[in-house]
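# Coordinate analysis (summary)
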Amino acid sequence: MKQIKAHIAVSLDGHTATLDKELDWLPREIKNIVGKQYLEADCLLVGANTYNYIFEHWGGWPHKSKRSFVVSHYDTNVTPDCGVEFLTEEPLQKIYELKQENDMLVVGGGKLLTSLVKAGLLDSLTIYTVPVMVGKGIGFIGETFGSQWKLAESKVLANGVIRSTYLFDGNL
């Protein structure tokens, strides 16, 4: 079985974006590091809100060379010629099936991360903790009580950002 990994930047107070979905508080180096992970991934797994944000703010889907899967309740695919496929029917089962043959990287999506953790499908979580307080914002992850993780690596990067990689260690 292959791996599903996530690389996500989080403010010190636990937000992935401001309430207006802006990422201005993220250091450029972290944007570049996470962007590089997207480029190196075999497949991308994206939440619907993140997909829509990227399309609207970046003028299209930037990962055309990647097989990309969007988890959504509705098929609102505006980039069908860009390798994007919507998973609307039993998405967690489909992700499990895809994981048999594909390494995947999660692109944003606190709701998607929460679902993957609850289902035991996320294998690795790398968090870039940025020493900035956003105040009110979009939360990093929902309720995931009962999942256990092992710290695999932790390192202080430029600007005091801490990169911590955790490996899934099962459910209680």
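Read on for a plain summary of the structure. (Residues numbered from 1 in each chain as written. Predicted model: local features only at pLDDT ≥ 70, side-chain atom pairs only at ≥ 80, totals over all residues. Heavy atoms only, no water.)

With that out of the way, let us pick up the side chain of Thr16. The topology assignment puts Thr16 in strand S2 (residues 15-18). Residues within four places of Thr16 in sequence aside, it is in contact with Ile8, Ala9, Val10, Leu23, Trp25, Ile138, Gly139 and Phe140. (Helix = DSSP H or I, 4+ residues; strand = E, 2+ residues; numbered from the N terminus. Contact = heavy atoms within 4.5 Å.)

We now examine the sheet that holds strand S10 (residues 162-171). Taken together, 8 strands build an open sheet; the order of strands is S5-S4-S3-S6-S1-S7-S10-S9 and the sheet is mixed. At either end of the open sheet lies a strand with only one pairing partner, and these are strand S5 (84-87) and strand S9 (147-156). Here the average twist between neighbouring strands, direction ignored, is 25 degrees. In terms of strand pairing, strand S1 (residues 4-11) meets strand S6 (residues 104-107) through 3 bridges, oriented parallel. Paired with Ala6 across the strands is Val106, a residue of S6. (Pairing = 2+ DSSP bridges. Axes fitted to C-alpha atoms, helices over the stretch in contact; angles between N-to-C directions.)

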